[in-house]
Amino acid sequence: VQLVESGGGLVQTGGSLRLSCAASGRTFSMYYMGWFRQAPGKERKFVATINWSGGSIYADSVKGRFTISRDNGKNTVSLQMNSLKPEDTAVYYCAVTKSPAATTIDYWGQGTQVTVSS
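Residues numbered from 1 in each chain as written. Predicted model: local features only at pLDDT ≥ 70, side-chain atom pairs only at ≥ 80, totals over all residues. Heavy atoms only, no water.

Participant: Is there a simple way to think about the side chain of threonine 49 in this case?
Facilitator: With respect to the secondary-structure elements, threonine 49 resides in strand β5 (residues 45-50). Once residues lying within four places of it in the same chain are set aside, the contact partners of threonine 49 are Met33, Gly34, Gly55, Ser56, Ile57, Ile68, Pro100 and Ala102. (Helix = DSSP H or I, 4+ residues; strand = E, 2+ residues; numbered from the N terminus. Contact = heavy atoms within 4.5 Å.)

Listed below in structure tokens is the structure:
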């Protein structure tokens, strides 16, 4: 299984970025796909997940600003990030899991850096 993220970069406060993750190597119909992030010196934290039928869960810190979406035919998951804040700066990781609460992760991507300047 391989997860490949793209779309990170540098953006000013209030700006937007869209992250994408392409998954390959198996069928992901029974899996949740999602995103975590890890800021420097901090633990990796949950951002959002989405199930096969489009049901999604968000961390409180990103609700109303981030939108997760999924294309089952292409095995991709995306994260539209709007109204970005400096505290959103982190390495963002794509994740695939069978756990609805994403307490255990079956597969991780390599990560993509998002930097929000103030």
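Moving on from the coordinates now.
Participant: Where do I start with the nonpolar core in this structure?
Facilitator: Core analysis: the biggest nonpolar cluster contains 28 residues, and Trp35, Leu79, Met81 and Tyr92 have the highest contact counts within it. Contributing elements (two or more residues each) for this core: β3 (17-24), β4 (32-38), β5, β7 (66-71), β8 (76-81), β9 (90-97) and β11 (112-117). Among residues more than four places away in sequence, those in contact with tyrosine 92 are Glu5, Leu19, Trp35, Phe36, Arg37, Val47, Phe66, Leu79, Met81, Gly111, Thr112 and Val114. (Core = buried A, V, L, I, M, F, W, Y, C linked by side-chain atoms within 4.5 Å. Buried < 20%, exposed > 50% of the residue type's maximum accessible area, 1.4 Å probe, protein only.)

Participant: What should I look at first to understand the sheet that holds β3 in this one?
Facilitator: Two pairing modes exist for strands in a sheet, parallel and antiparallel, and in both the strands are linked by backbone hydrogen bonds. Reading across the sheet, the four strands line up as β1-β3-β8-β7 and stay open at both edges, with antiparallel pairing between neighbours. The open sheet terminates on both sides in strands that have one partner only, identified here as β1 (2-6) and β7. Adjacent strand axes in the sheet meet at a mean angle of 15°, parallel and antiparallel pairs treated alike. Relative to β3, β1 runs antiparallel, the two being bridged by five bridges. In the strand pairing of β3, leucine 3 is matched with alanine 23. (Pairing = 2+ DSSP bridges. Axes fitted to C-alpha atoms, helices over the stretch in contact; angles between N-to-C directions.)

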